[in-house]
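Architecture at a glance
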Amino acid sequence: PAWPEGWRNSQLPEVQQWCEQHEEEIAFWQWLQWLAQQQFSGCWTHSQALGMSVGLYRDLAVGVAEGSAETWHDPELYRLRASVG
């Protein structure tokens, strides 16, 4: 809901056109995410080989911003009107 009407769904023409125009930049950020996952996976495997009972601790977010990429791409996964605290 925080995004302009034409940008609220990743399948809308405006979004698809922007993605086509920025294909190389998007691929770069996807590669960085893949690289980070590969590194994390390697660290996890090493921590288990060392016998670390907890392994690695990753951040667990309590909430997300209304205009975040998470809520934009998968709004059905979130209760945007809910609050805690």
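Residues numbered from 1 in each chain as written. Predicted model: local features only at pLDDT ≥ 70, side-chain atom pairs only at ≥ 80, totals over all residues. Heavy atoms only, no water.

**Details of helix α2 (residues 23–49)**
Worth spelling out the cut-off: Here a helix means four or more residues in a row that DSSP labels H or I, a strand means two or more in a row labelled E, and each is numbered from the N terminus. By this rule the span expected of a helix is its residue count minus one, scaled by 1.5 Å.
If you check α2, its first and last C-alpha atoms are 39 Å apart, about what 27 residues at 1.5 Å a residue would give, namely 39 Å. The positive-phi residue at the C-terminal boundary of α2 is G51, with phi of around 80 degrees.

**Structural notes on a nonpolar patch on the surface**
Note the threshold: Only residues above 30% relative accessible area that lack a salt bridge enter a patch, with like-charged residues linked at up to 9 Å and the nonpolar side chains Val, Leu, Ile, Met, Phe, Trp and Tyr linked at up to 5 Å. Working definition of accessibility: Shrake-Rupley area with a 1.4 Å probe, residue cover restricted to the visible protein chains. We define a salt bridge as a side-chain nitrogen of Lys or Arg found within 4 Å of a carboxyl oxygen belonging to Asp or Glu. Throughout this description, buried means an accessible area under 20% of the type-specific maximum (1.4 Å probe, protein chains only), exposed means over 50%, and partly exposed covers the range between.
A cluster of nonpolar residues, F28, W29, W31 and W34, forms a patch on the protein surface that exposes about 510 Å² of accessible area. Tracing the backbone shows F28 in helix α2. Given a relative accessible area of 41%, F28 falls into the partly exposed group.

**Points about the side chain of S47**
This is how it is decided: Residue contacts are counted whenever heavy atoms from the two residues lie within 4.5 Å of one another.
Residue placement: S47 occurs in helix α2. Among all residues touching S47, those that are not within four sequence positions of it are M52, G55 and L56.

**Describing the environment of G67**
Considering the arrangement of structural elements, one finds G67 in the loop between α2 and α3 (69–73). Once the C-alpha coordinates of G67 and R8 are considered, the two residues, 59 residues apart in sequence, prove to be 9.7 Å apart. Those residues within four positions of G67 in sequence are excluded, and the remaining contacts are A2 and W3.

**Digging into the confidence of the model for the chain**
Note the following rule: For every residue, the predictor assigns a confidence score, pLDDT, that lies between 0 and 100.
Looking at the chain, pLDDT values average 86 and 95% of them are 70 or higher. Taking the mean pLDDT of every element in the chain, the minimum, 83, falls on α3 and the maximum, 95, on helix α1 (residues 13–21).

**A closer look at the side chain of S68**
The following threshold applies: Polar contacts here mean pairs of N or O atoms no more than 3.5 Å apart (in protein, one a potential hydrogen donor and the other a potential acceptor; neighbouring residues in sequence count only if both atoms are side-chain atoms).
Mapped onto the elements, S68 comes out in the loop between α2 and α3. Within the structure, the side chain of S68 is placed 2.9 Å from the backbone oxygen of A65, a separation counted as a polar contact.

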